[in-house]
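Coordinate inspection notes
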Amino acid sequence: MDQPKGPVTARYKRVLLKLSGESLCEPGGFGVNGQELEQIAHEIVEAHNTGAQLAIVVGGGNMIRGSKLAKEGHIHQATADYMGMLGTVVNGLALKEILEKMGKPTRVLSALNLTSVAETFIRNKAIRHLEKGRIVVFVAGTGNPFFTTDTAAALRATEIGAELVMKATKVDGIYDKDPMKHADAVKFDHIDFKEALDRQLQVMDPAAFILCMEHNIPIQVFNMKHKGHIAQVIQGEPHGTLVGKGR
């Protein structure tokens, strides 16, 4: 069986990591940058070495943004969203290739039927891969237009029984107001689901946030660009902001 090697240091048995497409390219860039891809892959390998079962949902904003195309009025939103889903497939295949080269058995599961390049998503199959110690990369969002990859992350986390959703971002947590505009902005180390809703804090898309809240899956928002943070969050270190039930 394909199991992670070394001692288990993970606090969480099974986690879902939400990566943006921009994590695979240079800031403001387009496509997949080899250096950025290698950097994030090293972080994923380190995280998997903690012994946690690791699933990933990857976005596609570095390839195409369906919502932007739809707003411009040239393409119907449903079609534009499907185009965006295909962008996530490109990113997922790139992640799979480099993770395999680094010695990590990885499987790509797609919400769309793309059997030439990925396995079709089946819940039990995904769980079986995780139990065998393989990294699982979920692509093509939910397989439906009008839903974001944030929602896909919350949905897949619920389906596989993840104990934590890790939302990797370019900021170091959640603030009471925009820290780029307000010098007195205060960062939350921990915030309750209901308080985050009441304050209208932009943790994830509303559908994704409510799904995590209803199923009591905490969300850790942290800066993915800080070396070691993915593994450290899995090990229980308090980077960023934890959104959950109670204080």
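Above this text is the structure in question.
Keep in mind it's a predicted model, so treat the numbers as computed, not measured.

Reading the values: the criteria
- Residues numbered from 1 in each chain as written.
- Predicted model: local features only at pLDDT ≥ 70, side-chain atom pairs only at ≥ 80, totals over all residues.
- Heavy atoms only, no water.
- Buried < 20%, exposed > 50% of the residue type's maximum accessible area, 1.4 Å probe, protein only.
- Helix = DSSP H or I, 4+ residues; strand = E, 2+ residues; numbered from the N terminus.
- Arc of directions from axis to C-beta.
- Contact = heavy atoms within 4.5 Å.
- Phe/Tyr/Trp six-rings, centres within 6.5 Å; stacked < 30°, edge-to-face > 60°.
- Lys NZ or Arg CZ within 6 Å of the ring centre and 35° of its normal.
- Pairing = 2+ DSSP bridges.
- Axes fitted to C-alpha atoms, helices over the stretch in contact; angles between N-to-C directions.
- Salt bridge = Lys/Arg side-chain N within 4 Å of Asp/Glu carboxyl O.
- 1 Å grid on protein atoms, 1.4 Å probe; cavity = no way out; pocket = protein on both sides within 12 Å on 5 of 7 lines; lining within 4 Å.
- Points joined across faces, edges and corners; volume = space filled by probe spheres on them.
- Nonpolar A, V, L, I, M, F, W, Y, C, P; charged D, E, K, R; others polar.

Burial in helix H7 (residues 206-214) covers these residues: Ala208, Phe209, Leu211 and Cys212. Viewed along the axis of H7, the buried residues span an arc of 165°, placing them on a single side of the element. Seen from the open side of H7, the exposed residues pointing more than 90 degrees away from its buried face are Pro206 and Glu214. Against helix H5 (149-160), strand S6 (164-169), helix H6 (193-198), strand S10 (219-223) and strand S11 (241-244) lie the buried residues of H7. Asparagine 216 lies just past H7 and shows a positive phi near 55°.

Moving on, we get to the packing of aromatic side chains. What the rule picks out here adds up to two aromatic pairs. Measuring from centroid to centroid gives 5.5 Å for phenylalanine 193 and phenylalanine 209, while their planes differ by 70°, and the two rings are edge-to-face. One end of the pair, phenylalanine 193, is in helix H6; the other, phenylalanine 209, is in helix H7, with 16 residues separating them in the sequence. Assigned by exposure class, phenylalanine 193 and phenylalanine 209 land together as buried. The ring of phenylalanine 121 carries arginine 156 above its face, with NZ or CZ at 3.7 Å from the centroid. Here the guanidinium or amino end of arginine 156 rests over the ring plane of phenylalanine 138, the centre of that ring lying 5.8 Å away.

Attention now goes to the sheet that holds strand S4 (residues 119-120). Backbone hydrogen bonds hold the strands of a sheet together, and the pairing may be parallel or antiparallel. Spatial strand order, S4-S3-S5-S2-S1-S6-S10-S11-S9: nine strands in an open sheet with mixed pairing. Every interior strand has two partners, whereas the edge strands, S4 and strand S9 (190-192), have only one. As paired strands, S6 and S10 are joined by five bridges and run parallel to one another. Bridge pairing links threonine 169 to asparagine 223 in S10. Its contacts with the sheet put helix H3 (residues 77-101) on strand S1 (14-19), strand S2 (53-58), strand S3 (106-110) and strand S5 (135-139), and the angle it makes with S3 is roughly 170°.

Turning to the pattern of salt bridges, a few remarks are in order. Taken as a whole and judged by the stated rule, the model has twelve salt bridges. With a shortest N-O distance of 3.6 Å, glutamate 100 and arginine 107 are connected by a salt bridge. Measuring nitrogen to oxygen at the nearest pair gives 3.1 Å for the salt bridge that ties aspartate 184 to lysine 177. The network of salt bridges with shared partners includes Lys18, Asp150 and Lys167.

The next subject is the layout of surface pockets. Considering only enclosed or pocket space, the second largest pocket measures out at about 190 Å³ in volume. In terms of lining residues, the second largest pocket is bounded by 13 residues, among which Arg11, Tyr12, Gln220, Gly236 and Leu242 are the most central. Tallied by class, the residues present in the lining of the second largest pocket amount to six nonpolar, three polar and four charged.

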